[in-house]
Amino acid sequence: MGKFNDKRVLITGGASGIGRLMGAMALDKGAAALIIWDINQANIDSTVAEFSPKGKTVGYMVDVSDDKAVAEAYSRVKNEVGQVDILINCAGIITSNKTFDHCTTEEIHRTMAINTVAPMVVALQVLPDMIARNSGHICNISSAGGLISNPRMSVYAASKWAVIGWSDSVRIELEQMKSSVKVTTIAPYYIKTGMFEGVKSPIVPLMEPEYAARHIIRSIERNKRVSVITRLIPFPYHFVRLMQGILPTKLFDWFFGEVFGIYHSMDNFTGRR
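What you are looking at is a predicted structure, and each value in this text was computed from that prediction instead of being measured.

Quick notes on the overall build of the protein
And step 1. Along its length, the protein carries eight helices and seven strands.
And step 2. Against the compact-globule benchmark of 19 Å for 273 residues, the protein has a radius of gyration of 18 Å, which places it among compact chains.
And step 3. In the protein, which comprises 273 residues, the proportion classed as buried is 51%.
And step 4. Within the protein, counting contacts between residues at least 6 apart in sequence, those at least 24 apart form 69% of the total.
And step 5. Accessible surface for the protein amounts to roughly 12600 Å². Of this, 55% is attributable to carbon and sulfur atoms.
And step 6. Taking the average place of the 30 positive charges on the side chains of the protein and the average place of its 25 negative ones, the gap between the two points comes to 6 Å.

And the structure:
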């Protein structure tokens with residue numbers, strides 16, 4: 001029996017991008033219910049209408065950066081659908097490609113609120129129920145930007161570094177409890193969605209959304225602890241991290257930043273308008 005079969009799956013940011021794709025995949029794998037949280041009501045309505053023939057699909061307009069709204073939404077979910085078996089924290093933003101000296105405090109707080117604090121607050125709602133029944137899975141979508149520093153996305157990188165540290169720490173806590181609740185941390189490279197419109201990566205190709213979504217679903221099914229997603233087979237990110245520890249900083253910056261072009265990938269970023 002599959003991991004998703006007969007399970008209630010909650011996906012934040014589930015009405016667009018890879019969140020939407022993962023929702024369809026969860027239903028195809030036999031999920032008992034797909035619960036979508038998103039900020040865009042029109043996208044929620046269209047997704048629910050399209051997915052309902054596949055299986056039970058419900059949507060809630062939730063601003064995940066609002067702690068009270070999150071708590072109220074999860075209370076409704078428990079009353080109307082039931083406890084969540086699988087949570088995928090997918091909602092995220094990137095506001096600009098400004099250098100840090102031109103960022104505003106509003107951009108800093110908004111980015112950290114949605115990318116870092118919100119996954120914690122949402123997980124805090126579902127985790128006690130999971131621990132009580134000794135069953136469940138939380139998947140947190142971070143970014144390769146949370147593993148490797150990159151100019152013109154310093155605040156975004158900070159928010160994703162924080163997610164990786166928090167998410168994997170919770171995994172260890174649950175393992176020390178001997179709990180059957182699992183945590184998977186995902187760190188994908190750039191994905192071809194509107195969120196990263198304008199990004200250029202000459203050596204490491206941007207990923208198709210379907211590829212990233214399938215990889216995340218498989219990682220949950222296989223109870224992976226940390227999964228780094230990139231289409232560059234010869235130089236996976238684990239190798240890049242190893243090189244960070246071996247190469248002098250100037251040589252690393254030149255090879256991966258300039259030769260691979262990673263440090264210029266955000267130069268022409270426009271994002272979702």
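Here's the deal with unusual backbone geometry
And step 1. Even without being a glycine, Asn134 presents a positive backbone phi close to 55 degrees.
And step 2. By the secondary structure assignment, Asn134 is in the loop between α4 (105-133) and β5 (137-141).
And step 3. Residue classification places Asn134 among the partly exposed positions, given a relative accessible area of 38%.

Describing a nonpolar patch on the surface
And step 1. Together, Leu251, Trp254 and Val259 make up an exposed nonpolar region whose accessible area comes to about 290 Å².
And step 2. Its place among the elements puts Leu251 in helix α8 (residues 249-259).
And step 3. When its relative accessible area of 38% is taken as the criterion, Leu251 is described as partly exposed.

Quick notes on the pairing of strand β6 (residues 182-188)
And step 1. Burial within β6 is extensive, with six of its seven residues counted as buried.
And step 2. Sheet analysis places β5 next to β6, joined by five bridges and oriented parallel. Note that in β6 the partner of His137 across the bridge is Lys182.
And step 3. For the handedness criterion, the β-α-β arrangement of β5, helix α5 (residues 154-176) and β6 is classed as right-handed.

Side note on the pattern of salt bridges
And step 1. The tally for this structure, following the rule as stated, stands at 13 salt bridges.
And step 2. Residue Asp28 is joined to Lys54 by a salt bridge in which the shortest nitrogen-to-oxygen separation is 3.0 Å. Of this pair, Asp28 sits in helix α1 (residues 17-28) while Lys54 sits in the loop between α2 (41-51) and β3 (57-61); the two residues are 26 residues apart in sequence, bridging distant segments of the chain.
And step 3. For Asp28, a relative accessible area of 55% puts it in the exposed group.
And step 4. Counted as one network, the salt bridges with shared partners bring together Asp168, Arg171, Glu175 and Arg225.

Details of the confidence of the model for the protein
And step 1. Of all residues in the protein, 95% have pLDDT values of 70 or greater, and the mean over the chain is 92.
And step 2. Note on residues 231-235: pLDDT is under 50 here. Beyond four places in sequence and across chains, it has nine contacts.

What counts as what
Residues numbered from 1 in each chain as written. Predicted model: local features only at pLDDT ≥ 70, side-chain atom pairs only at ≥ 80, totals over all residues. Heavy atoms only, no water. Helix = DSSP H or I, 4+ residues; strand = E, 2+ residues; numbered from the N terminus. Rg over C-alpha atoms; globule rule 2.2 N^0.38 Å. Buried < 20%, exposed > 50% of the residue type's maximum accessible area, 1.4 Å probe, protein only. Contact = heavy atoms within 4.5 Å. Areas by Shrake-Rupley, 256 points an atom, 1.4 Å probe, with all protein chains shown as cover. Lys, Arg positive; Asp, Glu negative; His and termini not counted. Charge placed at Lys NZ, Arg CZ, Asp CG, Glu CD. Patch = residues over 30% accessible without salt bridge, like charges linked within 9 Å, V, L, I, M, F, W, Y side chains within 5 Å. Salt bridge = Lys/Arg side-chain N within 4 Å of Asp/Glu carboxyl O. Pairing = 2+ DSSP bridges. Right-handed = clockwise from strand over helix to strand, strands pointing away. pLDDT = per-residue confidence, 0-100.

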